Structure formats: structure tokens, C-alpha cells
Amino acid sequence: MKRKSNKKFNKRPQNPLNKLSLFQKSDARFSKKCPLSGKDAPVVDYKNIKLLRRYISDTDKIMPSRITSVSQNKQRKLTSEIKKAKILGLI
Amino acid sequence: MTFYEHTIIAKQDISTPELEKIEKKYQDIITKTDGEIIKVEKWGLLSFAKKIKAYNKGFYIHYKFKAENKTLDEIKRSSIIDNSLLRHLTVKYKKLDTETEYFKEKDINEKKK
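Given the structure is predicted, the values throughout are model-derived calculations rather than measurements.

Asker: Is there a simple way to think about the sheet that holds strand S2 (residues 36–52) of chain B in this case?
Answerer: Strand-to-strand pairing in sheets goes through backbone hydrogen bonds, with the strands running parallel or antiparallel. All names here are of chain B. In space, the 4 strands of this open sheet follow the order S2-S3-S1-S4, with antiparallel pairing throughout. The two strands at the open ends of the sheet, each matched to only one other strand, are S2 and strand S4 (85–93). Averaged over all pairs of adjacent strands, the angle between strand axes in this sheet comes to 20 degrees, irrespective of strand direction. Here 8 bridges tie strand S1 (residues 2–10) to S4, and the two strands are oriented antiparallel to one another. Across the sheet, isoleucine 8 pairs through a bridge with histidine 88, a residue of S4. On the sheet, helix H1 (residues 16–32) packs against S1, S2 and strand S3 (55–67) and is oriented at approximately 25 degrees with respect to S3.

Below, the structure written as C-alpha cells:
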């Protein structure tokens, strides 16, 4: 008698971030693409307030790129553009 | 010749004929110093995020034009002196986007209805 392959165990949906022990490395990584660069990316401009509001905290601080995963180049542009909007009192 | 954008914030308690005077005044400054106006946008009365000199609201006027250095000096100098303005901002652009308008007066009226 041949043993059936244990398909049942493989079929179970597993969260790749789950870990059995603390020291085991998880397979998945947080690899998020920059939301502001690419082909259909929105325009970063001081008049586009709806977009700028997303990258500001409740206390009007600029969010760091490690949280929003914005690329270096676009983060530099975001900060200058937010500061312009603040001068005009839009944000 | 390069492209520029210039926005002005006028005080809230200014009457409408005076607003039109202010709007004309800066158009004349651009045209007299060999500039070229591409577009003028009136954003209307908008409320500030924070108080500016004890004012809660202001009239926004937005110019898009093509000019050289001397017009910029003239515009900045006159908008600093002007008592009816609260703030101003000029931005330099390589390419001007004249189609998209972020502040349309229609949108405000629709919300009221």
C-alpha cells in the first residue's frame, strides 16, 4: 500500500507571516511599492490638498517615509509641497 | 521666459468692486513688464486651516503667467506693500498644467444644494 501524498496538510491556507517560534524567519516581507511613483501616479502639487492630507498626521506633522513607503525622491518633493500649502493656509 | 504661478490671499472684509481692482492691478503689472498672462483663476472665499492675522477666511486669486525676472521683482514688491493682502506665494514651473482645476466654485455650490 502506498501512502497517499499529504495534500490535505498543504491545502490548509497559511498566513506567511505566522511563525512557530521567535527565531524562525518568516517567508514574507513587507515589500510595498511607492504609491506616488509609477505610471498612473497622482500629481504631487501644493494645490492638490486631498492627496497631501493623506501624508499628514492629526497634529499637522509630515509622516515619515518608513510608514507611508514613499520613495526618497518623492518624499523630498512632498515635504516642499506641503510646506507651500501651509504658507497659503490650505492645510 | 519661464512659467510662474502666483497666488494672493485678500482679506475677508473687502467689498467686491475692490476685489476686482486688486485682480486688475496685478494683471496690469504682469502685462506692463512684458509678461504674458495664460490663465487667471478665482478660487473664491476659502477658510484657513489656522488663523492668519486674526482672520478666519480669505479670497484667493491665482495667476498663471509667462515672464522674466523683472516682473517677479515688481509683483513680490507690490504684494508685500499691499495692505489688503494677507499672504502671497510664487512658484516656478518648467511646464504649466492649465487644465486641472483643484478649486472649482461649482463644487462648493453643489454641496450647498
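Asker: Hey, could you run me through the interface of chain B and chain A in this one?
Answerer: It is common to give the size of an interface as the accessible area that goes away when the parts come together. On the chain A side, the residues contacting the 10 residues of chain B number 8 residues. Counting residues per element, the ones that place at least two in the side of chain B that touches chain A are S1, S2 and S4 of chain B. The greatest single-element share of the side of chain B that touches chain A, amounting to 4 residues, is contributed by S2(B). When grouped by side-chain class, the residues that make up the side of chain B that touches chain A number 7 nonpolar, 1 polar and 2 charged.

Asker: Help me understand the environment of B:Thr2 in this model?
Answerer: Within the secondary structure, B:Thr2 sits in strand S1. Expressed as a C-alpha distance, the spacing of B:Thr2 and B:Ile52, which sit 50 residues apart in the sequence, is 31 Å.

What counts and how
- Residues numbered from 1 in each chain as written.
- Chains lettered and ligands numbered in written order.
- Predicted model: local features only at pLDDT ≥ 70, side-chain atom pairs only at ≥ 80, totals over all residues.
- Pairing = 2+ DSSP bridges.
- Helix = DSSP H or I, 4+ residues; strand = E, 2+ residues; numbered from the N terminus.
- Axes fitted to C-alpha atoms, helices over the stretch in contact; angles between N-to-C directions.
- Contact = placed C-beta atoms within 7 Å.
- Nonpolar A, V, L, I, M, F, W, Y, C, P; charged D, E, K, R; others polar.

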